[in-house]
Amino acid sequence: MVRTESLTKIYDDGTVGIKDLSVDVTPGKLTSVIGPSGAGKSTFLRCINRLINPTSGKVFLGDIEITALNQKELVKARRRIGFIFQQFNLVERLTVLENVLAGRIGYHSLARTMFGSYPKEEVEMVTAIIDEVGLLDKIHTRVDNLSGGQQQRVGIARAVAQEPDVILADEPLASLDPKLSHQILGLLKQFNEKYKITVLLNIHDLEFAKIYSDYVLGLKKGEKVFWGPLSELSKEKVEFIYK
Amino acid sequence: MANIRELISKERIYVPKKHYSVLKLVLFSVFSVAFGAFFAYAFNKVNFSIPNLIKGLPNIPQIFSAMFKPDFNIMISKVLPELLITICTALVGTFFAALFAIPLSFAAASNLVSKKVARGISFLFNLGRSIDVLIYALIFVVAVGLGPFAGMLALAIHSIGMLGKLYAGSIEEIDKGQVEALVAAGASKLEVIRWAVIPQIIPSFINFTLYRFELNVRVGVVIGLVGGGGIGALLIQYMANFDYSKVGTILITILVIVMLIEFTSTRLRKQII
């Protein structure tokens, strides 16, 4: 579903984010991107939906070459790519429902989205997603009144509401304690399996990665040093990635 | 305790000398003398005189004593209606100021438009603010005649600059993460503004607008003095007649009402956040 060819990002100050990264992510599976901090995990994810524009190389989502799209086409293509943030990035003064409905914005005309009037059928779908993340009783609560774990569940619901082909989760656990981390990864895994959404998960904690992932992409100093099913990730390879 | 004094190696250390520039010293002396001279000249120009102050002081209690025997007969018939006009002037003036400042402030926020455009609009805001409200009042009195309409226009034009600048500042301070999330979900620029920027700025916009309204009530009084209608016009009329008890009535009423408005507005602003 997601494929990159020689993807490279060099920042304006000369820092190498990722270098010559080619990977063909297995569709419908959960892939963990692991590596020490500064390995380029976040740069990699942000290059895929072009929150950061790569310096060179290509990104494909199915048949669409993301890196070849103009701004207008890119806005459209982003609908099929959910993004989950470390700091949740919810619109804090809006309710749970309003935040999750934001995931539908790309599918509708400006006339509808300006007033937040979505088709009844979509409001029902979104409500069902909110129920699946266990927040139905909080649906009209402003998200700044929710706990960190609850906020991240809203973040997941918003990404799922996009009906995405792929969800990119950028260190979604960094602001959460271990118990909540299992909850969040459990939800991601659940949506991955139930709706066959490809998930790319940036995660620095290897123990969590080992429990939930099908595939692993190991990055080190911006380069791919491991790619394969979790079972092939030997102790030596882990040591090499983190050394 | 670490004994830094003894452990630190001081052998290679010398304290670098501070350098003075002769040119700077000369320039500084010349400037000091020139400024001192001008300062003395300024005192002379304002006819600064302690004896005159001492001679004049006894007049003040006289005025005050007249003011503290306020004439409340004019309260219902004159003071309150005129004060209401001043408050209405401030209200409508603030409304029009906000009406124009809101769209302009989006074009002045450097995180939404190019730096060039933002700087251009900010410059206009500053230009608008740099002209005193009394000047605007005089201009509009000439243009549309004496009365609250001229006062309202002056308040509106004068307030746009400050409101626009404050609004733009709060737009620039928004959490970028919320914007990024909407961008990532495939929202267009306008949709990002509607669902990520506006929810974040509403409290501070209301806050600033209420604050400007408070200010405009006070400024509105002064504008009345130069022909902008309302309580100020009444005030200057009584002042011209040396009718200090009526002046006192007005000043006390203004004080009470302005404090009341400020109190209410402050409470309201605290509620919003």
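Positions within a chain are numbered from 1, following the residues in the order the chain's sequence is written. Chain letters start at A and ligand numbers start at 1, both assigned in the order the entries are written. Local features in this predicted model are restricted to residues whose pLDDT is 70 or higher, and side-chain atom pairs enter the listing and the counts only when it is 80 or higher, whereas totals over whole chains, interfaces and linings include all residues. Side-chain numbers here rest on the full set of heavy atoms in the structure, without hydrogens or water.

Secondary structure follows DSSP: runs of H or I at least 4 residues long count as helices, runs of E at least 2 residues long count as strands, and numbering of each begins at the N terminus. When helices and strands are tallied, chain A shows nine helices and 10 strands. Taken over the C-alpha trace, chain A has a radius of gyration of 18 Å; the compact-globule value for 243 residues is 18 Å, and the two agree within 12%. The buried label goes to any residue with under 20% of its type's maximum accessible area, the exposed label to any with over 50%, and the partly exposed label to all in between, with areas taken from a 1.4 Å probe on protein chains only. The 243 residues of chain A split such that 53% are buried. In this analysis, two residues are considered to be in contact whenever any of their non-hydrogen atoms come within 4.5 Å of each other. Pairs at least 24 apart in sequence give 69% of the contacts found in chain A among residues at least 6 apart. In these tables, accessible area is a Shrake-Rupley quantity obtained with a 1.4 Å probe, and a residue counts as shielded only by the protein chains included in the view. Accessible surface computed for chain A: about 10700 Å², of which carbon and sulfur atoms make up 50%. Looking at chain A, you have 32 positive and 30 negative side-chain charges, and the mean spots of the two groups are 2 Å apart. Based on C-alpha atoms, the radius of gyration is set beside the globule rule, defined as 2.2 Å times the residue count to the power 0.38. Just so you know, the count uses Lys and Arg for positive and Asp and Glu for negative, and it drops His and the chain ends. Every charge is mapped to an atom, namely NZ of Lys, CZ of Arg, CG of Asp or CD of Glu.

It is worth spelling out the overall build of chain B at this point. Each helix and strand in chain B was counted, giving 12 helices and zero strands. Along the chain direction, N to C, the helices and strands of chain B fall in the order α-α-α-α-α-α-α-α-α-α-α-α. Its C-alpha atoms give chain B a radius of gyration of 27 Å, clearly above 19 Å, the size a compact globule of 273 residues would have. In terms of principal-axis extent, the alpha carbons of chain B reach across some 85 × 65 × 45 Å. For chain B, the proportion of its 273 residues judged to be buried stands at 37%. Taking contacts inside chain B between residues at least 6 apart in sequence as the whole, the part at least 24 apart equals 76%. Side-chain charges in chain B split into 24 positive and 13 negative, and the spacing between the mean points of these groups amounts to 8 Å.

All names here are of chain A. Relative to the 26 Å expected for 18 residues at 1.5 Å per residue, helix H7 (residues 178–195) spans 26 Å between its end C-alpha atoms, a close match to the ideal helical length. Taken residue by residue, H7 has Ser181, Ile184, Leu185, Leu187, Leu188, Lys189, Phe191 and Asn192 as its buried positions. Positive phi shows up at Lys196, right after H7, with a value of about 55°. Take the number of residues in a helix, subtract one, and multiply by 1.5 Å to get its expected span.

Let us now look at a nonpolar patch on the surface. All names here are of chain B. Patch building starts from residues that exceed 30% relative accessible area and form no salt bridge, then joins like charges within 9 Å and nonpolar side chains (Val, Leu, Ile, Met, Phe, Trp, Tyr) within 5 Å. The rule for a salt bridge is simple: a side-chain nitrogen of Lys or Arg has to be within 4 Å of a carboxyl oxygen of Asp or Glu. A cluster of nonpolar side chains, namely Leu53, Leu57, Ile60, Phe64, Phe68, Ile252, Leu255, Val256 and Met259, defines an oily patch on the protein surface of about 890 Å² accessible area. Secondary-structure elements contributing two or more residues to the nonpolar patch are helix H4 (59–67) and helix H12 (244–272). Broken down by element, the nonpolar patch gets its largest block of residues, four residues, from H12. Turning to its location among the elements, Phe68 is positioned in the loop between H4 and helix H5 (74–108). Judged by relative accessible area, which is 59%, Phe68 ranks as exposed.

Attention now goes to the layout of surface pockets. It is the rolling of a water-molecule-sized probe over the atoms that shows where space remains empty. Buried and open spaces are told apart on a 1 Å grid over the protein atoms alone, a cavity being a set of points where a 1.4 Å probe fits but cannot get out and a pocket being an open set with protein on both sides within 12 Å along at least five of seven lines. Residues with an atom within 4 Å of a point are the lining residues. Grid points are joined across faces, edges and corners, and a volume is the space filled by probe spheres set on the points. As a volume, the largest pocket reaches approximately 530 Å³. Lining the largest pocket are 19 residues, with B:Val179, B:Glu180, B:Val183, B:Lys189 and B:Val192 positioned closest to its centre. A breakdown of the residues in the lining of the largest pocket according to their chemical character gives 10 nonpolar, four polar and five charged. Its boundaries defined by the atoms lining it, the second largest pocket holds a volume of some 160 Å³. Lining the second largest pocket, in full, are A:Lys72, A:Glu73, A:Val75, A:Lys76, A:Ile105, A:Gly106, A:His108, B:Gly186, B:Ser188 and B:Glu191. Top element by residues in the lining of the second largest pocket is helix H2 (residues 71–77) of chain A. It accounts for four residues. Throughout this entry, Asp, Glu, Lys and Arg are counted as charged residues, while Ala, Val, Leu, Ile, Met, Phe, Trp, Tyr, Cys and Pro are counted as nonpolar. The remaining residues, Gly among them, count as polar.

Here we come to the packing of aromatic side chains. Paired rings are identified among Phe, Tyr and Trp, the last through its six-membered ring, by centres lying within 6.5 Å, and are further divided according to the angle between planes into stacked (under 30 degrees), edge-to-face (over 60) and tilted (the rest). Tallied over the full model, the rule gives 11 aromatic pairs over all chains. Ring geometry for B:Phe35 against B:Phe39: centres 5.9 Å apart, planes inclined by 25°, an arrangement best described as stacked. Within this pair, B:Phe35 and its partner B:Phe39 are both found in helix H2 (residues 22–45), separated by four residues, close to a single helical turn. When its relative accessible area of 47% is taken as the criterion, B:Phe39 is described as partly exposed. In textbook terms, an aromatic cluster arises when at least three aromatic residues are bridged by ring pairs, as seen for B:Phe31, B:Phe35, B:Phe39, B:Phe43 and B:Phe48. Its guanidinium or amino end placed over the ring of A:Phe60, A:Arg3 lies 4.3 Å from that ring's centre, counting from NZ or CZ. For a ring to carry a charge above it, either NZ of a lysine or CZ of an arginine must fall within 6 Å of the ring centroid while also lying within 35 degrees of the normal to the ring plane. It is A:Lys220 that lies over the ring of A:Phe240; its NZ or CZ is 4.0 Å from the centre.

Turning our attention to the pattern of salt bridges. Residue and element names in this part refer to chain A. Tallying each qualifying case throughout the model produces 16 salt bridges over all chains. In this structure, Lys41 and Glu171 form a salt bridge, with 3.9 Å as the shortest nitrogen-oxygen distance. On the criterion of sequence distance, the pair formed by Lys41 in helix H1 (residues 41–48) and Glu171 in the loop between strand S7 (166–170) and H7 is long-range, its members being 130 residues apart. Residue Asp170 is joined to Arg46 by a salt bridge in which the shortest nitrogen-to-oxygen separation is 3.5 Å. Taken as a pair, Asp170 in strand S7 and Arg46 in helix H1 lie far apart in primary sequence, 124 residues in all. Assessed through its relative accessible area of 5%, Asp170 is described here as buried.

Frequently, the measure chosen for interface size is the accessible area removed from exposure when the parts meet. Boundaries between domains were set according to an automatic or database domain assignment. Split into domains, chain B comes out as domain 1 (4–52) and domain 2 (67–272). Each of domain 1 of chain B and domain 2 of chain B has a C-alpha centre, and these two points are 42 Å apart.

Looking now at helix H6 (residues 148–161) of chain A. All names here are of chain A. The first and last C-alpha atoms of H6 sit 20 Å apart over 14 residues, in line with the 20 Å expected at 1.5 Å per residue. Counted residue by residue, H6 has 13 buried out of 14 residues, so it is predominantly covered. Looking one or two residues past H6, Glu163 carries a phi angle of roughly 50°, positive in sign.

Once that is clear, we can look at unusual backbone geometry. One non-glycine residue, A:Lys196, adopts positive backbone phi at about 55°. Mapping A:Lys196 onto the fold places it in the loop between H7 and strand S8 (198–202). Here the phi dihedral of B:Phe242 falls at roughly 55°; this positive angle occurs in a residue that is not glycine.

The interface of chain A with chain B comprises 28 residues on the first partner and 21 residues on the second. The term buried area means the drop in 1.4 Å probe accessible area that two parts suffer when joined, counted for both and summed. Both faces combined, the contact of chain A with chain B buries some 2000 Å², and carbon together with sulfur accounts for 62% of it. It is A:Arg93, A:Ile105 and A:Met114 that lose the most area in chain A upon contact with chain B, and together they represent 27% of the buried surface on that side. For the pair chain A and chain B, the interface holds one salt bridge.

Right, let's talk about the sheet that holds strand S10 (residues 223–229) of chain A for a bit. All names here are of chain A. Spatially, S6-S7-S8-S3-S9-S10 is the arrangement adopted by the six strands of the open sheet, whose pairing is mixed. Either end of the sheet is taken by a strand with one partner, and the two such strands are strand S6 (81–84) and S10. Pairwise comparison of adjacent strand axes, ignoring direction, gives a mean angle of 15° for this sheet. Strands are treated as partners if at least two bridges between them are detected by DSSP. Simply put, an axis is a line fit to the C-alpha atoms, just over the touching stretch for a helix, and the angle between two N-to-C directions goes from 0 to 180 degrees.

Attention now moves to the confidence of the model for chain B. The pLDDT averaged across chain B works out to 91; a share of 99% of its residues lies at or above 70. Note on the complex model: pTM 0.81, ipTM 0.90. A residue's pLDDT is simply how confident the predictor is in it, with values from 0 to 100.

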